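Structural characterization, general
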Amino acid sequence: MTASKTNKLSIMLIKKEYKSFESIIPDSPEVKTCEIDSKNKFYYSKVPPHIPSWINNFFDDKLENLSDIKVASVKGVLLTKINIKSNSFRIFAVTFGHGRFLLDTSRIEDRFGLKTVLNLIKPDAIRVINKKDISNVPKHSIEQRSKVGNRFDFGINIEQELLQGITGKVKLNSEKEFGKTISGSDSLSLLAKINFGGLNIFLRSCYYKYVSGTYKADFDWIDQITPVKKPDQINRLNDALIRRIKDNQFGENIWLAVPEIVEWQLIKNFVYDNKPSAEYDDIFMENFVETLSSEELSDINIDFLKKIKINANNPDGDSIYSWSIYDCLYGELTLYGKTYLLSNKEWFQIEDQFVKKINSFYDETIAESPSLSFTFPNYDDSNEAEFNKSVSKITGLILMDKKNVHYGGRHSQIEFCDLISASNEIFHIKKSGGSNVLGHLFNQGLVSGELMKADPEFIRLVNEKIGGGYSLPESIDTRNFKIIFGILTKIQSNITLPFFSKIALKNVFSRLRALGYQAYLMKISTAT
């Protein structure tokens, strides 16, 4: 039945493999229960009244006589079985106070609230979004508009941002049941005139909204990339990864890459702490496997990969960067007909058509070779700075590496490029690395390209740095410029990029080409 008062509800759907209340919240001395009936059980835990910590932490002894200032908290969870078909049921959790902390999040259905909300709102009725950029450095953000809008108003990049939560206005035909505004992530949050008496019918309605799939008409892109959260699924993926390493079947699909932006000119070599006597000028799976004894390789597991460190040493032999093998590990696996990616220590499942779309773009991109006004020398295995200087000396290209342009404020610096030719060829050079490193490279090229197109003042500042008898025109025709991303590598085969770097590259190329530039990706390898 409908309640006369509005209640704030926070609802979670329990994964279908958990059929009993005990499998969801195990018995504990700290947690008390109240069995309402065979289908409803209330769990609660309370903290006795106590003096809040800020009384002593902030005021020292100034308020020691105020013993009547006390706080208390209660955690409550109602577990309820809801019949969804004549012969099956699902368990829901409705939390009160801090009740969510009584639940193990691994037992909660991923994106239940998100999908339910997307099935209840119009595409142009979004109020708040919670998103995560996964293209290079993972970045979480929450954005809110004073007026409702669509995904374009929020600037959601559907190819490299995960939608993790959303708040929007409910469609008119569902307002009476679900209220005017609703929020969803893994949980569903709303204000509605529902009490215990009407909960069974209401939760059944929530379930049917969750499974309806009507969101696919406007929000189908949310299924392109989904994080893997189930522990057993993560374990299966880790096991498959370990088998590939043990069997030397990593090839181009499992590799190591420096996970952050580093000062390459400061690095003399890399060593693995399980065999510090072996020094390498870069990190590769082949090198790491070489350091393992046959016994270590046979017994290798994820914990071992998280324990073994890669140290980047300076010329004095001091470690200036250090990461675990797992920090540097990237992988693309096909398991049970599905595509999975390991990036920044997280597993993601990628929708098949999206994989084909991104890989098709990438294959076309690496097949296009820029026609240059000179012959680019081979990579001589030096660091980026030394290589750029060498190329400038050999070819006459203008060296721009480290010549930062102060633009947009006293402390804002833009690196325009690394090298530029008198034939309007602009080069951004970086050693091959992980998504973080390559994302920085691509964004650098995009930012300088956009500013060069948009602001004559930026061009004036760049010309002050260029010298060498060449300067950019005050008003440029972007069609006459080539922006080229050069990847330094010792590998002779085609460049292998992490999948999320391919996504970032596609977005950057799309924006640069929309501005009129010619954009290319180029491998610069050592001599054969």
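One can find the structure itself at the top, above this paragraph.
Described in the following lines is the structure provided in the data block. (Residues numbered from 1 in each chain as written. Predicted model: local features only at pLDDT ≥ 70, side-chain atom pairs only at ≥ 80, totals over all residues. Heavy atoms only, no water.)

Of regular secondary structure, the protein chain possesses 15 helices and 26 strands. When the backbone C-alpha atoms are referred to their principal axes, the protein chain occupies close to 85 × 65 × 60 Å. Residue burial in the protein chain is summarised as follows: out of 528 residues, 49% are buried. Summarising the internal contacts of the protein chain: among those between residues at least 6 apart in sequence, 68% fall at separations of at least 24. Of the roughly 26,000 Å² of accessible surface on the protein chain, 48% is carried by carbon and sulfur atoms. (Helix = DSSP H or I, 4+ residues; strand = E, 2+ residues; numbered from the N terminus. Buried < 20%, exposed > 50% of the residue type's maximum accessible area, 1.4 Å probe, protein only. Contact = heavy atoms within 4.5 Å. Areas by Shrake-Rupley, 256 points an atom, 1.4 Å probe, with all protein chains shown as cover.)

Helix length check: helix H15 (residues 499–514), at 16 residues, gives a terminal C-alpha distance of 23 Å against a target of 22 Å (1.5 Å per residue), a fit within 8%. The element H15 is extensively covered by neighbouring structure, given that twelve of its 16 residues are classed as buried. (Expected span 1.5 Å × (residues − 1).)

Attention shifts here to the pairing of strand S5 (residues 88–97). Bridge count between strand S4 (residues 71–85) and S5: ten bridges; the pairing is antiparallel. Looking at the pairing, Asn83 lines up with Phe89 of S5. The loop that links S4 with its antiparallel partner S5 comprises two residues. (Pairing = 2+ DSSP bridges.)

Phi is positive for Tyr336, which is not a glycine, with a value near 55°. Here Tyr336 lies in the loop between strand S17 (329–335) and strand S18 (338–343). Its relative accessible area of 68% is what places Tyr336 among the exposed residues. Unlike most non-glycine residues, Lys402 shows phi in positive territory, near 75°. Within the fold, Lys402 resides in the loop between strand S20 (398–399) and strand S21 (405–406).

Right, let's talk about the packing of aromatic side chains for a bit. One pass over the full model with this rule turns up 25 aromatic pairs. Taking the centre distance of 5.7 Å and the plane angle of 45° together, the rings of Tyr272 and Phe288 count as tilted. Of this pair, Tyr272 sits in strand S13 (residues 269–272) while Phe288 sits in helix H8 (residues 285–290), placing them 16 residues apart in sequence. Both residues of the pair, Tyr272 and Phe288, count as buried. Centre to centre, the rings of Tyr407 and Phe458 are 5.4 Å apart; their planes meet at 80°, and the pair counts as edge-to-face. Placement of the pair is Tyr407 in the loop between S21 and strand S22 (413–414) and Phe458 in helix H14 (residues 456–466), with a sequence separation of 51 residues. Looking at Phe458, the relative accessible area reads 0%, which means it is buried. Among the aromatic residues, those joined into a cluster by ring pairs are Phe92, Phe112, Tyr207, Tyr208 and Tyr210. Over the ring of Phe21 we find Lys81, and its NZ or CZ is 5.1 Å from the ring centre. One residue, Lys306, lies across the ring of Tyr326, its end atom 5.2 Å from the ring centre. (Phe/Tyr/Trp six-rings, centres within 6.5 Å; stacked < 30°, edge-to-face > 60°. Lys NZ or Arg CZ within 6 Å of the ring centre and 35° of its normal.)

Here we come to a negative patch on the surface. Residues Asp124, Asp153, Asp218, Asp220, Glu351 and Asp352 make up a contiguous surface patch of negative charge. Within the secondary structure, Asp153 sits in helix H3 (residues 151–154). (Patch = residues over 30% accessible without salt bridge, like charges linked within 9 Å, V, L, I, M, F, W, Y side chains within 5 Å. Salt bridge = Lys/Arg side-chain N within 4 Å of Asp/Glu carboxyl O. Lys, Arg positive; Asp, Glu negative; His and termini not counted. Charge placed at Lys NZ, Arg CZ, Asp CG, Glu CD.)

Across the sheet, which stays open at both edges, the five strands sit in the order S20-S23-S24-S25-S26 with mixed pairing between neighbours. With one partner strand each, in any of the chains shown, S20 and strand S26 (518–525) form the two edges of the open sheet. Bridge count for strand S23 (residues 419–420) against strand S24 (residues 425–431) is two bridges, and the pairing is antiparallel. For Ile420, the partnering residue across the bridge sits in S24 and is Ile426.

Let us now look at the nonpolar core. Within the largest apolar cluster, 41 residues are counted, with the highest numbers of intra-cluster contacts made by Leu256, Phe288 and Leu305. In terms of residues, this core owes the most to one element, helix H7 (residues 231–246), which gives five residues. Those residues within four positions of Leu305 in sequence are excluded, and the remaining contacts are Ile242, Ile245, Phe288, Ile300, Ser324, Ile325, Tyr326 and Leu329. Of all hydrophobic cores here, the second largest spans 38 residues; its members include Ile420, Ile426, Ile466 and Ile487. (Core = buried A, V, L, I, M, F, W, Y, C linked by side-chain atoms within 4.5 Å.)

One turn of the α-helix equals 3.6 residues, which is why residues spaced by three or four share an orientation. Listed as buried for H14 are Phe458, Ile459, Leu461, Val462, Asn463 and Ile466. N-cap assignment for H14: the residue whose side-chain oxygen lies 2.9 Å from the backbone N of Glu457 is Asp455. A positive backbone phi angle near 65° is found at Gly467, which sits one or two residues after H14. (Polar contact = N/O pair within 3.5 Å; in protein donor to acceptor, adjacent residues only side chain to side chain.)

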